[in-house]
Amino acid sequence: MKDKLKKNIPIIMAVIVLIIIIIGLVFLFAKNDKKKEEKKKEIDYQKYASQYVDKLTKAIIYGKNKIELTKILQTENIMDSDVMSGSDMYLKQTLDEKLIKKYKLDDYVEAGKKYGDNLEKAIQDNFSYKIEGVAENTDDVSPLVSYKSYCYQAYIKDLSQIRVELLAKAGYNMDGSSFDVDEKFRVDDYKAKIKAAEILDSHLDDYVNNGDTNKIYVTFTHKKAEKSSESFVSYLMNLSGYTYENQGYLKTSDDVDNLLVTAGVDFSKPLSLK
């Protein structure tokens, strides 16, 4: 029996060694798989952020409506004029249906769609962007975006200047004094917006950005879109031309008056469309 046991010792030792080797290999493969999984997670964060920036960019420049835009921005705290595309883009925003009917504003609604389409096309035709890379640390992930966009902010500032001057010529005190924002004012203010868009429609090329491409990091705080609304809104403002040198051409009332005269505005009925 002892002799038989002695003969089997080498076999037993070989089996033990084989088991140890197998355990070692399993541990090694498990460790490598863990490293690969951790590496995969890092890549996924970058991919997630890049894909989200793509969706965000499309919602800003080629979006469907304000609901879609605010959802992907993770906030509803944006101004009406921040909506640059889709059915709710600024020039297409109208009054309540009752007011449209009461004051016979159908022509203004149609004009708003027309000039809104023209402005939206100018914005889209003059836009390009590229994700240059993605920076990542323990807390955040930040795609770096290079972009060249339309000077929309400059357009909006000039539109606002014209709108205020038209209302002043329509008899409203627009020097900063307070007054009741009643139904009639809301209607006339809407008319002034669309009239201003009519005037600027032949000047859309003036707001094309011919300068250099800008860059911005879009930061995902804690690597989550839900925590990053401020960064997304900042990106929106950048794409709208907020950081460009061109911030509008109409600096004074005289600048606006000269434009109104050139546009052939009838000052006896300054809010009327052509």
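Residues numbered from 1 in each chain as written. Predicted model: local features only at pLDDT ≥ 70, side-chain atom pairs only at ≥ 80, totals over all residues. Heavy atoms only, no water.

### Description of the pairing of strand β2 (residues 141-148)
Counting buried positions along β2 yields seven of eight residues, so the element is predominantly enclosed. Pairing geometry for strand β1 (residues 128-136) and β2, over eight bridges, is antiparallel. Paired with Ile131 across the strands is Val145, a residue of β2. Two successive antiparallel strands, β1 and β2, enclose a turn made up of four residues. Examined bridge by bridge, β2 and strand β3 (residues 214-217) share four bridges and lie antiparallel to one another. Directly across from Val145, in β3, lies its bridge partner Ile216. (Buried < 20%, exposed > 50% of the residue type's maximum accessible area, 1.4 Å probe, protein only. Helix = DSSP H or I, 4+ residues; strand = E, 2+ residues; numbered from the N terminus. Pairing = 2+ DSSP bridges.)

### Digging into the sheet that holds β3
A sheet is described by the order of its strands in space; here three strands give the open sequence β1-β2-β3, paired in antiparallel fashion. Pairing within the sheet leaves two strands with one partner each, and these edge strands are β1 and β3. Neighbour-to-neighbour, the strand axes of the sheet open up by a mean angle of 20°, direction not taken into account. Sitting on the sheet, helix α7 (residues 229-239) is in contact with β1, β2 and β3, with an inclination near 175° to β3. (Axes fitted to C-alpha atoms, helices over the stretch in contact; angles between N-to-C directions. Contact = heavy atoms within 4.5 Å.)

### Describing the side chain of Gln247
Take Gln247: it is sitting in the loop between α7 and α8 (253-262). A residue is classified by how much of its surface remains accessible, and Gln247, at 18% relative accessible area, is buried. A polar atom in the side chain of Gln247 sits 3.0 Å from the backbone oxygen of Gly241. Look past the residues within four positions of Gln247 in its chain and what remains in contact with it is Gln153, Ala154, Lys157, Gly241 and Tyr242. (Polar contact = N/O pair within 3.5 Å; in protein donor to acceptor, adjacent residues only side chain to side chain.)

### Overview of the pattern of salt bridges
One pass over the structure, following the stated rule, counts 13 salt bridges. With a closest N to O distance of 3.3 Å, Glu120 and Lys92 form a salt bridge. Of this pair, Glu120 sits in helix α4 (residues 106-125) while Lys92 is found in the loop between α2 (66-73) and α3 (97-102), placing the two residues 28 residues apart along the sequence. No difference in accessibility class separates Glu120 from Lys92, as the two residues are buried. Among the salt bridges present, the one from Lys195 reaches Glu198, with a minimum N-O distance of 2.6 Å. (Salt bridge = Lys/Arg side-chain N within 4 Å of Asp/Glu carboxyl O.)

### Quick notes on helix α5 (residues 152-169)
Taking 1.5 Å per residue, 18 residues should reach 26 Å; α5 reaches 26 Å between its end C-alpha atoms and fits that length. Buried within α5 are the following residues: Tyr152, Gln153, Ala154, Tyr155, Ile156, Asp158, Leu159, Ile162, Arg163, Glu165, Leu166 and Leu167. Tucked inside the fold, the buried residues of α5 contact α4, α6 (183-200), α7 and α8. Gly171 lies just past α5 and shows a positive phi near 105°. (Expected span 1.5 Å × (residues − 1).)

### Section: unusual backbone geometry
Phi is positive for Gln74, close to 65°, though the residue is something other than glycine. Among the structural elements, Gln74 can be located in the loop between α2 and α3. On the accessibility criterion, Gln74 (31% relative accessible area) is partly exposed. Of note in the backbone geometry, Lys104 takes a positive phi value of approximately 50° without being a glycine. One can find Lys104 in the loop between α3 and α4. We classify Lys104 as exposed; its relative accessible area is 72%.

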